[in-house]
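Fold and contact review
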Amino acid sequence: MERNKNIAKLREGYLFPEINRRKRKFLENNPNAKIISLGIGNTTEPLKKHITKALVEASTDLGTVEGYSGYGDEQGLTALRDRIAEKLYGGIVSGEEVFTSDGAKCDIGRLQVMFGNDVSVAVQDPSYPVYVDGSVIIGATGEFDDSKKQFGKMTYLPCTPENGFFPDLERCKKTDVIYFCSPNNPTGAVSTKKQLKELIDCARDNKSIIVYDAAYAEYITDKKLPKTIFEIEGARDVALEVNSFSKPLGFTGVRLGWTVVPNELTYDGGEKVIDDWNRVTCTIFNGASNIVQKAALSALDDAGLDEMRKTVGFYMENAAIIRKTLKDVGVEVYGGDNAPYIWARFPGRKSWDVFEEILETANVVTTPGSGFGPAGEGFLRFSSFGHRKDIIEACERLEKNLG
Ligand code: PLP
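Moving on to the site of the ligand. Every one of the 14 residues lining the ligand counts as a neighbour, but Asp-213, Tyr-216, Ser-244, Ser-246 and Lys-247 are closest to it. Taking Ala-104, its main chain carries an N or O atom lying 2.7 Å from an oxygen atom of the ligand. Between Lys-247 and the ligand, the recorded distance is 2.7 Å, taken from a side-chain N or O atom to an oxygen atom. Considering the ligand on its own, with 400 Å² of exposed area, one finds that the protein chains cover 92% of that surface. Contributing elements (two or more residues each) for the shell around the ligand: α5 (104-115) and α9 (246-249). Taken together, the residues of the shell around the ligand break down into 6 nonpolar, 4 polar and 4 charged.

This is the structure we're talking about:
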């Protein structure tokens, strides 16, 4: 058979395999180099005791007649859905609107299947690659325009220091689906309530649906900033939200995410989005792991929430160390205060060139901003996910080589 033509449209492989390829090549030439990665947003610290105990207990239960369970509800464990609604959303969404899953990225892929390829799509530029690449795979983006470094049918919303990392919404009028991520990967920017209200009003006026990615919500320390789009009036009519335990709890390998689809959210014809999401969930997903869902329940009791705060606090201390180091050597930095990513600007330089230079001189791996979209050119993303001793050593090297 012939290959899916849309897959062939994907650009230069996925960003992180390319970073790994360059890292491997560097190591071939410098076999004794001790590379430290501040690149990939993968968690590094062990799970804490309360959670591991819950994981062990849930696994042990499966080995007993009374404790065994097979398939569960595709939408998730009712107790967990209710607890997420209560503990993380303060009751402003209901448990029935929460669908648990194997992760936010997987949910984004299934949302793309649900919306289909006959939609127009807008993304923040730069953005988490899955919004664009998943849309490419389902055929919603048109052809790639090499001169603009963009897909023809896709609207890019530049988010730069000059606009405070909040896009000009005039650009996404008449867009069906708007992907919006706050706290943002990669820029670390967090939108204010006022900005989200503007986004919601724009979506309502244009009959767009916002896919709000709140995977880093627990990293928000400033109480004035919204942790969920549902804190903002009008959001229930125009937005759904994806979220995850990957980053606040270190569940990157354990896998537990969720999507909130409000009852009020409808398509132009009045059909409810929640009904379609339920249908998609039941058709091509078979529910999150029962072991993991039980552990996630424990993550939301008092001891679990305390562990979550500690995990987030640890990575945020890392972020502060990286941010200070870069600032001290005169690099222009953004983010890192309510998000685990630091977005650093290198004026007049290409991202991949600065990536190579830092790899060669400091043996530190970063992520080139241009891999997240054309507006990321000239930037690097530094991730605060790392062991403390590695962060400190990487920062010492950066200080020496960038200073
Ligand atoms: N959304 C954003 C913005 C992310 O940065 C990531 C992971 O890096 C994800 C979603 C993926 O979350 P999960 O591990 O739940 O699939």
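There's plenty left to go through after this.
Paired through backbone hydrogen bonds, the strands of a sheet run either parallel or antiparallel to each other. One open sheet holds the 7 strands; their spatial order is β2-β10-β9-β8-β7-β3-β6, and the pairing between them is mixed. Each edge of the open sheet is held by one strand with a lone partner, namely β2 (98-101) and β6 (154-158). Adjacent strand axes in the sheet meet at a mean angle of 20°, parallel and antiparallel pairs treated alike. Summarising the sheet, strand β3 (residues 121-125) and β6 pair through 5 bridges and their orientation is parallel. Bridging across to β6, Val-121 finds its partner in Met-154. On the sheet, helix α4 (residues 78-87) packs against β2 and β10 (257-260) and is oriented at approximately 115° with respect to β2.

What follows concerns the layout of surface pockets. Leftover empty space is mapped by rolling, across the atoms, a probe with the size of a water molecule. Of the pockets and cavities examined, the second largest pocket occupies roughly 540 Å³. What lines the second largest pocket is a set of 20 residues, among which Leu-88, Glu-218, Ile-220, Lys-227 and Arg-309 lie closest to the centre. In terms of residues, the lining of the second largest pocket owes the most to one element, helix α12 (residues 302-328), which gives 6 residues. Along the lines of polarity and charge, the residues of the lining of the second largest pocket split into 9 nonpolar, 4 polar and 7 charged.

Moving on to the domain arrangement of the protein chain. According to the domain assignment, the protein chain consists of domain 1 (7-46 + 304-402) and domain 2 (69-301). Each of domain 1 and domain 2 has a C-alpha centre, and the two are 25 Å apart. The partner domain 2 presents 49 residues to the 32 residues of domain 1 that form the contact. Interface area, domain 1 with domain 2, both sides summed: about 3300 Å², of which 64% is carbon and sulfur. When the buried area of domain 1 at its contact with domain 2 is split by residue, Lys-9, Met-308 and Asn-338 rank highest and sum to 20% of it.

Turning our eyes to something else, we now look at the packing of aromatic side chains. Applying the stated criterion across every chain, the model contains 17 aromatic pairs. A ring pair is formed by Phe-314 and Tyr-315, whose centres lie 5.6 Å apart and whose planes are at 75°; its orientation type is edge-to-face. On the basis of relative accessibility, which here comes to 1%, the residue Tyr-315 falls in the buried class. Both rings, one in Tyr-341 and one in Phe-385, keep their centres 6.1 Å apart while their planes meet at 75°; by these two values the pair is edge-to-face. With Tyr-341 in strand β12 (residues 341-345) and Phe-385 in the loop between β15 (379-383) and α14 (388-402), this pair connects stretches of sequence that are 44 residues apart. Tyr-341 gets classed as buried once you look at its relative accessible area, which sits at 1%. Among the aromatic residues, those joined into a cluster by ring pairs are Tyr-216, Tyr-219, Phe-314, Tyr-315, Tyr-341 and Phe-385. Sitting above the plane of the Phe-285 ring, Arg-110 keeps its charged end 4.1 Å from the centroid. Above the face of the Tyr-341 ring, Arg-381 is positioned so that its terminal group lies 4.1 Å from the ring centre.

With that settled, consider the side chain of Thr-160. Its location among the elements puts Thr-160 in the loop between β6 and β7 (177-181). Classification of Thr-160 as buried rests on a relative accessible area of 18%.

A few words now on the pattern of salt bridges. For the coordinates displayed, the defined rule picks out 30 salt bridges. The salt bridge partner of Glu-86 is Lys-87, with a shortest N-O separation of 3.9 Å. Looking at Lys-87, the relative accessible area reads 36%, which means it is partly exposed. Measuring nitrogen to oxygen at the nearest pair gives 3.4 Å for the salt bridge that ties Glu-218 to Lys-227. The exposure class of Glu-218 is partly exposed, given its relative accessible area of 25%. Taking relative accessible area as the criterion, Lys-227 reaches 31% and is therefore assigned partly exposed. Taken together, the salt bridges that share partners define one network made up of Glu-18, Arg-21, Arg-22 and Glu-356.

As a packed pair, α5 and helix α10 (residues 273-284) sit with axes 10 Å apart at the nearest point and diverge in direction by 115°. Relative to α10, the element α5 lies roughly perpendicular. Between α5 and α10 the crossing geometry is right-handed. The segment α5 lies against α10, with Asp-107, Arg-110, Leu-111, Val-113 and Met-114 engaging Val-273, Asp-276, Trp-277, Val-280 and Ile-284.

What follows covers the nonpolar core. Formed by 47 residues in total, the largest nonpolar core has its most connected members in Ile-210, Ile-229, Phe-245, Leu-256 and Trp-258. If sequence neighbours within four positions are ignored, Leu-256 has contacts with Leu-80, Ser-101, Asp-102, Gly-103, Ser-244, Phe-245, Ser-246, Phe-251, Ala-288, Val-292, Gln-293 and Ala-296. Formed by 44 residues, the second largest nonpolar core is a distinct cluster that contains Ile-342, Ala-344, Phe-346 and Leu-380.

This brings us to α10. For α10, which comprises 12 residues, the first-to-last C-alpha distance of 16 Å matches the rise-based estimate of 16 Å (1.5 Å per residue) to within 8%. All of the buried residues along α10 are Val-273, Ile-274, Trp-277, Val-280 and Thr-281. On an axial view of α10, the arc spanned by its buried residues comes to 120°, and they lie on one face. Those residues of α10 that are exposed and aimed more than 90 degrees away from the buried face are Arg-279 and Thr-283. On the buried face of α10, the contacting elements are β2, α5, β8 (209-213), β9 (239-244) and β10.

Reading the values: the criteria
- The numbers attached to residues start from 1 for each chain and follow its sequence in the written order.
- A pLDDT threshold of at least 70 governs which residues receive local features in this predicted model, and a stricter bar of 80 or more applies before side-chain atom pairs are shown or counted, although totals over entire chains, interfaces and linings include all residues.
- Calculation of side-chain values draws on the structure's entire complement of heavy atoms; hydrogens and water are dropped beforehand.
- Distances are taken per atom, and a residue is near a molecule or strand as soon as one of its heavy atoms is within 4 Å of it.
- Definition of a polar contact: a pair of N or O atoms within 3.5 Å, with one able to donate and the other able to accept a hydrogen when the atoms are protein atoms, and with sequence-neighbouring residues admitted only if both atoms are side-chain atoms.
- What sets the accessible areas is the Shrake-Rupley method with a 1.4 Å probe; for residues, cover comes only from the shown protein chains.
- Numbering goes from the N terminus for both helices and strands, where a helix is a DSSP run of H or I of at least four residues and a strand is a run of E of at least two.
- The classification used treats Ala, Val, Leu, Ile, Met, Phe, Trp, Tyr, Cys and Pro as nonpolar, Asp, Glu, Lys and Arg as charged, and all other residues, Gly among them, as polar.
- What makes two strands pair is DSSP finding at least two bridges between them.
- Convention adopted: a line fitted to C-alpha atoms gives each axis, helices being fitted over their contacting stretch, and angles between N-to-C directions are expressed from 0 to 180 degrees.
- Residue contacts follow a heavy-atom distance rule, with two residues in contact if any of their heavy atoms lie within 4.5 Å.
- Cavity: a set of points on a 1 Å grid over the protein atoms alone where a 1.4 Å probe fits but cannot get out. Pocket: an open set with protein on both sides within 12 Å along at least five of seven lines, its lining residues, like those of a cavity, having an atom within 4 Å of a point.
- Grid points are joined across faces, edges and corners, and a volume is the space filled by probe spheres set on the points.
- What counts as a domain boundary in this text is fixed by an automatic or database domain assignment.
- As a working definition, buried area equals the accessible area (1.4 Å probe) given up by two parts on being put together, with both sides summed.
- The pairing test for Phe, Tyr and Trp rings, Trp by its six-membered ring, is centres within 6.5 Å, and the orientation test on the planes gives stacked under 30 degrees, edge-to-face over 60, and tilted for anything in between.
- Whether a residue is buried, partly exposed or exposed follows from its accessible area with a 1.4 Å probe, protein chains only, as a fraction of its type maximum: under 20%, in between, or over 50%, in that order.
- Either the NZ atom of lysine or the CZ atom of arginine qualifies as a charge over a ring when it sits within 6 Å of the ring centre and within 35 degrees of the ring normal.
- One speaks of a salt bridge when a side-chain nitrogen belonging to Lys or Arg is within 4 Å of a carboxyl oxygen belonging to Asp or Glu.
- Here the word oblique covers every angle except those under 35 degrees (roughly parallel), over 145 (roughly antiparallel) and from 65 to 115 (roughly perpendicular).
- Handedness of a crossing follows from how the near helix is turned relative to the far one, being left-handed for an anticlockwise turn of less than a right angle and right-handed for a clockwise one.
- Take the buried residues of types Ala, Val, Leu, Ile, Met, Phe, Trp, Tyr and Cys, join any two whose side-chain atoms come within 4.5 Å, and each joined set is a nonpolar core.
- Each residue after the first adds 1.5 Å to the expected span of a helix.
- Arc definition: it is the arc formed by the directions from the helix axis to the C-beta atoms.

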